[in-house]
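Summary of the model geometry
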Amino acid sequence: MQVFKFGGASVKDAESIKNVAHIVANYKKDELLVVVSAMGKTTDRLMEVTQHYVDQTGEAFARLDAVKDWHHHILANLFDNPNHPIFDEIANCFVEVEWILEEEPQDTYDYLFDQIVSTGELASSKILAAYALHSGIAAKWLDARDYIFTDNTHREAAVDWEKTEEKIRRDLPTILDEHVIITQGFIGSTSENFTTTLGREGSDYSAAIFASCLNADDITIWKDVPGVLNADPKWFDHTELIPELSYTDAIELTYYGATVIHPKTIKPLQNKKIALNVRSFLNPAEPGTYIRSTNQGLPIPSFIFKVNQVFINIQPRDFSFIVEDNLSHIFNLFHHNRIKINMMHNSAISFCVSVDDTGANIDTLMEALEKRYKISVERGLELITIRYFNQETIERVLINKQIVRELKDSYTCQLLVKKLPAVAAL
Ligand code: ASP
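Residues numbered from 1 in each chain as written. Predicted model: local features only at pLDDT ≥ 70, side-chain atom pairs only at ≥ 80, totals over all residues. Heavy atoms only, no water.

Per an unreviewed UniProt entry, the chain goes by the name Aspartokinase and belongs to Sphingobacterium griseoflavum. UniProt, in the comment section headed Sequence similarities (unreviewed entry), describes the chain in these words: "Belongs to the aspartokinase family." (UniProt positions renumbered as here; feature names shortened; annotations may be inferred.)

All residues adjacent to the ligand are Ser37, Thr43, Glu121, Phe186, Arg200, Glu201, Gly202 and Ser203. Residue glutamate 121 places a side-chain N or O atom 2.7 Å away from a nitrogen atom belonging to the ligand. Within the contact set of the ligand, an oxygen atom lies 2.6 Å away from a side-chain nitrogen or oxygen of arginine 200. Taken together, the residues of the shell around the ligand sort by class into one nonpolar, four polar and three charged. (Near = heavy atom within 4 Å. Polar contact = N/O pair within 3.5 Å; in protein donor to acceptor, adjacent residues only side chain to side chain. Nonpolar A, V, L, I, M, F, W, Y, C, P; charged D, E, K, R; others polar.)

Bringing the sheet that holds strand 12 (residues 341–346) into the picture now. Taken in spatial order, the six strands make up an open sheet running 12-13-11-14-16-15, and their pairing is antiparallel. The open sheet is flanked by strand 12 and strand 15 (401–408), the only strands paired with a single partner. Averaged over all pairs of adjacent strands, the angle between their axes in this sheet comes to 30°, without regard to strand direction. Alignment of strand 14 (residues 373–387) against strand 16 (residues 412–419), held across six bridges, turns out to be antiparallel. Paired with isoleucine 386 across the two strands is cysteine 413, which belongs to strand 16. Strands in contact with helix 12 (residues 360–370) are strand 11 (302–316), strand 13 (351–356) and strand 14; relative to strand 14, the strand with the most contacts, it is inclined by about 130°. (Pairing = 2+ DSSP bridges. Helix = DSSP H or I, 4+ residues; strand = E, 2+ residues; numbered from the N terminus. Axes fitted to C-alpha atoms, helices over the stretch in contact; angles between N-to-C directions. Contact = heavy atoms within 4.5 Å.)

Further remarks concern the packing of helix 1 (residues 14–27) against helix 6 (residues 119–134). Following both chains from N to C, one finds helix 1 and helix 6 inclined at 60°, their axes separated by 10 Å at the closest point. Of the possible angle classes, the one that applies to helix 1 and helix 6 is oblique. Along this stretch, helix 1 crosses helix 6, giving a crossing that reads as right-handed. Touching Ile17, Lys18, Val20 and Ala21 of helix 1 are Ile127, Leu128 and Tyr131, all from helix 6. Along the lines of polarity and charge, the residues of the contact of helix 1 with helix 6 split into six nonpolar, no polar and one charged. (Parallel < 35°, antiparallel > 145°, perpendicular 65-115°, else oblique. Left-handed = near helix turned anticlockwise from the far one by under 90°.)

Below, the structure is given as structure tokens:
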């Protein structure tokens, strides 16, 4: 069996939804389960609704109305019949959010986020399933929350693999005999039936969970790029497509910040040796990239750029060594504030990291650290990671940049840099 995953960009308007239905009909080789993200930028828009609601700005309803209207407009372009039941189904999805907004916020932000933002995936999957059926595909919509079970860490829920696998294996194979299943990425539910989400961009991970539990033959992530490239075209000219990639290289690249696949996706697939194809929904006939078991290293160096980095240098106030108890205290503070370390290094009396500058939680972290350590901070930096580096690749990325910190192992070089001020022309 196969799993296909379509992200927000692949379902951003009526034409793209038609394209997805076309791909499902033409590229399905076998039994198929389709995982879909919220349409376009819906997740961001619903996050704004949540924030306005929590802050009680009085704007939450207006923001939600904009999301509703946008979905309605897409539906009207997909279905000529205004009495098609999908119009009511989508309206009902949003009524549930309105019920939340009518009450004063009592619950935590993270809990409310999950209840409100998950509507994006519920709506997109319903629209896609209805359109697929309408175009002759034997589609069946399925609520992923009945199959993916998690703990109650809202916004970053951990999957209960045993329970999830048992339920998926028990129920889905018979449905797949007759139907193309269309379900949501990103969402799950707790044992008390509350909706959870798996972390931003988590739909790839959902697809990997279904693929792993169903022992899929392969999984395809359909994207707006031709496959895995050796750098993000946003930051780099002359990118090249990598036709084949080992699980190890894929996991390393995502760990260092390559955004083409969600970092949690690879492990479940590697464990079951399920091949992952990353491919373009704009040119579906092109083969894209295959991530699978191979002893081949990356054929070309790969570059990952992360801007807006903060460099934090942490030193014990009493000149004591940075050893296990200090480190565990420091790591706990990062974990507690949900800050992911992108680069780290320690010496006898200092520990330094580079992290994304995410604003408020960095300030909270700093306050907590300052109680025990002397802290220095440098903002506005860029982190460049090169996998399979050589001197030439390092020189290429250092033009007009000055190194703040450099780390190397046999395969990977990380350079934390700052831009040099432009030299004025004479
Ligand atoms: N819609 C969610 C997000 O934007 C999940 C996903 O797209 O993977 O984060």
